Amino acid sequence: MSEDCIFCKIVSGEIPAQKLYQDELVTAFRDISPQAPVHVLIVPNEHFANLGEMGDAQAAALGRIAHVAGQLAAQEGIATSGWRFITNIGADGGQEVVHTHFHLLGGRPLGPLLTRS
Ligand code: 5GP
Ligand code: ZN
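First, a word on scope: everything that follows refers to the structure included in this document. All values reported here derive from a predicted model rather than from experimental measurement.

**A look at the coordination of the zinc ion (ligand 2)**
Argument step 1. Note on the zinc ion (ligand 2): its protein donors are Cys5 (SG), Cys8 (SG), His47 (ND1) and His99 (ND1). The metal-donor distances range over 2.0 to 2.3 Å.
Argument step 2. Here the zinc ion (ligand 2) is ringed by four donor atoms whose angles at the metal span 106 to 116°, and the overall shape comes out tetrahedral.
Argument step 3. Mapping the donors of the zinc ion (ligand 2) onto the primary sequence yields the spacing C-x2-C-x38-H-x51-H. Here the residue Cys5 occupies a position in the segment before helix H1 (6-12), and His99 occupies one in the loop between helix H3 (90-93) and strand E5 (102-106), the gap between them amounting to 94 residues. This pair shows no difference in class: Cys5 is buried, exactly as His99 is.

Set out below in structure tokens:
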């Protein structure tokens, strides 16, 4: 638990969120500002700044996140149409919330991975 971390507070229940899944390792909830018809965030319950801070000791949580992503994609009805699973790291990556999270996006064609700036 990191003080003043929004996602730690969502994991603990201190801040409300539309949770779709939670177990001892990970939590999944709908993004408050969805960029696609399906936009779910999947996070490790333990606080890490980003994927670069996670290693072998977190393999179980990372594996669970990947598994839960597939399960939720099916549950949300986008397993066949397709989906994207991304994590932003640091300033250039566009990371705003400093607690590792993966975006599960789908429900419309998502276009190219990157836009030219
Ligand atoms: P990032 O840019 O860090 O990869 O993504 C952060 C995501 O967290 C954004 O898509 C943003 O809409 C979402 N977000 C920020 N604050 C909250 C919140 O309080 N609740 C929920 N459910 N999502 C949030
Ligand atoms: Zn946190």
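**Concerning the side chain of His101**
Argument step 1. With respect to the helices and strands, the residue His101 is situated in the loop between H3 and E5.
Argument step 2. Of the residues examined, His101 reaches a relative accessible area of 5% and is grouped as buried.
Argument step 3. At 2.7 Å, the side chain of His101 forms a polar contact with the backbone oxygen of His99.
Argument step 4. With near-sequence residues (within four places) excluded, His101 lies in contact with Phe7, Leu41, Ile42, Val43, Ile86, Thr87 and Gln95.

Here is what the cut-offs are and how they apply
Residues numbered from 1 in each chain as written. Chains lettered and ligands numbered in written order. Predicted model: local features only at pLDDT ≥ 70, side-chain atom pairs only at ≥ 80, totals over all residues. Heavy atoms only, no water. Donors = N, O, S within 2.8 Å, 3.2 Å for Na, K, Ca; no water. Tetrahedral: all angles 85-135°; square planar, octahedral: opposite > 155°, others 65-115°. Helix = DSSP H or I, 4+ residues; strand = E, 2+ residues; numbered from the N terminus. Buried < 20%, exposed > 50% of the residue type's maximum accessible area, 1.4 Å probe, protein only. Polar contact = N/O pair within 3.5 Å; in protein donor to acceptor, adjacent residues only side chain to side chain. Contact = heavy atoms within 4.5 Å.

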